[in-house]
Amino acid sequence: MIDLDIDTTSGGAAVAHIVLNNPAKLNALDEQAVRDLGDAYAEAERAGVRALVLRGEGRAFCAGRDISDVDPRDDDVMGYLDGLVAPVLQRMAAFPAPTFAAAQGACLGVGLGLLIATDVVYVADSAKVGSPFAALGATLDSGGHALFVERLGAHRTLDLIYTGRLMSGSEAVAAGLFSQALPGEALLETTLAAAARAAEGATAAFVASKRLVAALRDQRLGLWESMAQENAAQAALCDTDDYREGFAAFQEKRPPRFQGR
C-alpha cells in the first residue's frame, strides 16, 4: 500500500509525504504497488508541493521486489523492471522540487533504486544496504551498479555482489552512498525538518541545481543507460536454472542449491 499525504508547513509551503505501508512484507513492492507509487508522485507534482518525503512504515524501508508469489518459470522481469520500475524511478528523479528519504532496515533491490532516485537520503545507522541477489541467482538492479561503481569502485562493488554482504547505514554514508547516517530515533524527525526547510526555500533555484547535478552525474555511462543494461541482464537470467532455484529457495525459506547454470 502506498499512502500520500500533503501537509502545509507553518510558512504555508506544501510538503508531500509518501509512505510505503506494507510492513508485514518489509514494504516489498509488487506490480500494483509500483504503479501506485508512480501515481502518488504524479499527484504530488500536480499539487505543486515544494518538497517531498519518502519513507517506509515498520522495521524496513523497502526490501525490494515482492517475489513471494512470482513463478520464475514465467516471470516477466523485463516488464516489471523496464516497463514499471524504471519509468517510476525516472519520474521520481525528475520530480520538480527537492525530495528526501528516511530509510531504516532493509534498503535492497528496488528499495535501493528508490533511494538512488531521491535527492537527499538519510539512513538509520543500522540500515542494511547492498546486493542480496547472490542467494537468488539474479543480479543487482534499479541502478545499483551505477551507484556502487561510481562511489565504491569496481573491486568493492563486485565484492558486495559476489559475497552478498550488506553494509550498515553508517558504512554506506562513510562510502559516500547517502547523505547522513542517524540513530533510528532521530531519523524521521531529522528528515521531516530538512524537507520543511527546503519547502520554504527558493524552489526554482533548488530545481536548477538538481538538474545540474544530474547532468554532471550522467557524464559517464548514465544512470538510466546503466539501468537498461541491468534490466536486460536480469531478463536473460530468468531463463537459467539457478534463477528458478533461487526463487524457489526464497519462497520455501531454505538455502539455495545452485548448479552454476
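Residues numbered from 1 in each chain as written. Predicted model: local features only at pLDDT ≥ 70, side-chain atom pairs only at ≥ 80, totals over all residues. Heavy atoms only, no water.

A few points about the nonpolar core
Judged by nonpolar contacts, the single largest core of 63 residues is most densely connected at Leu-37, Leu-54, Leu-114 and Leu-177. Residue contributions to this core peak at nine residues, all from helix H2 (residues 77-93). Beyond its immediate chain neighbours, meaning those up to four positions away, Leu-54 contacts Ile-18, Leu-20, Leu-37, Tyr-41, Phe-61, Met-92, Phe-100, Ala-101, Ala-102, Leu-114 and Thr-118. (Core = buried A, V, L, I, M, F, W, Y, C linked by side-chain atoms within 4.5 Å. Buried < 20%, exposed > 50% of the residue type's maximum accessible area, 1.4 Å probe, protein only. Helix = DSSP H or I, 4+ residues; strand = E, 2+ residues; numbered from the N terminus. Contact = heavy atoms within 4.5 Å.)

Looking at the sheet that holds strand S2 (residues 14-20)
Taking strand neighbours across the sheet as the criterion, the six strands line up as S1-S2-S3-S4-S6-S9 in an open arrangement whose pairing is mixed. At either end of the open sheet lies a strand with only one pairing partner, and these are strand S1 (2-8) and strand S9 (180-182). Between one strand axis and the next, the sheet turns through 20° on average, direction left out of account. In this structure, strand S4 (residues 99-103) lies alongside strand S6 (residues 120-124), joined through four bridges in parallel fashion. Note that in S6 the partner of Phe-100 across the bridge is Val-120. (Pairing = 2+ DSSP bridges. Axes fitted to C-alpha atoms, helices over the stretch in contact; angles between N-to-C directions.)

Concerning the pairing of strand S3 (residues 51-56)
Along S3, five of the six residues are buried, which leaves the element largely enclosed by surrounding structure. The pairing of S2 with S3 spans six bridges and is classified as parallel. Its bridge partner lying in S3, Leu-20 is registered against Gly-56. Crossover S2 to S3 through helix H1 (residues 31-46) is right-handed. Summarising the sheet, S3 and S4 pair through four bridges and their orientation is parallel. From the neighbouring strand, Arg-55 faces S4, where its bridge partner is Ala-102. For the handedness criterion, the β-α-β arrangement of S3, H2 and S4 is classed as right-handed. (Right-handed = clockwise from strand over helix to strand, strands pointing away.)

Section: the side chain of Thr-157
Along the chain, Thr-157 turns up in helix H5 (residues 154-163). By relative accessible area, Thr-157 is classed as buried at 2%. A distance of 3.3 Å separates a polar side-chain atom of Thr-157 from the backbone nitrogen of Val-149. With sequence-adjacent residues up to four places away left out, Thr-157 is seen in contact with Phe-148, Val-149 and Leu-152. (Polar contact = N/O pair within 3.5 Å; in protein donor to acceptor, adjacent residues only side chain to side chain.)

Thoughts on the environment of Leu-54
As for its position among the elements, Leu-54 is in strand S3. Remark: the alpha-carbon pair of Leu-54 and Ala-16, spanning 38 residues in sequence, is separated by 8.4 Å.

Concerning unusual backbone geometry
Residue Asn-27 is not a glycine yet carries a positive backbone phi of 60°. Tracing the sequence through the fold places Asn-27 in the loop between S2 and H1. The buried category is assigned to Asn-27, whose relative accessible area is 2%. Even without being a glycine, Ser-142 presents a positive backbone phi close to 60°. Mapped onto the secondary structure, Ser-142 falls in the loop between strand S7 (128-130) and helix H4 (144-152). Here Ser-142 falls in the buried class, since its relative accessible area comes to 2%.

Notes on helix H7 (residues 184-199)
An ideal rise of 1.5 Å per residue puts 22 Å on 16 residues; H7 measures up with 24 Å between its terminal C-alpha atoms. Turning to H7, the residues buried within the fold contact S2, S3, S4, S6, S9 and helix H8 (203-217). (Expected span 1.5 Å × (residues − 1).)

Fair warning: the whole summary comes from geometry, so function is off the table for now.
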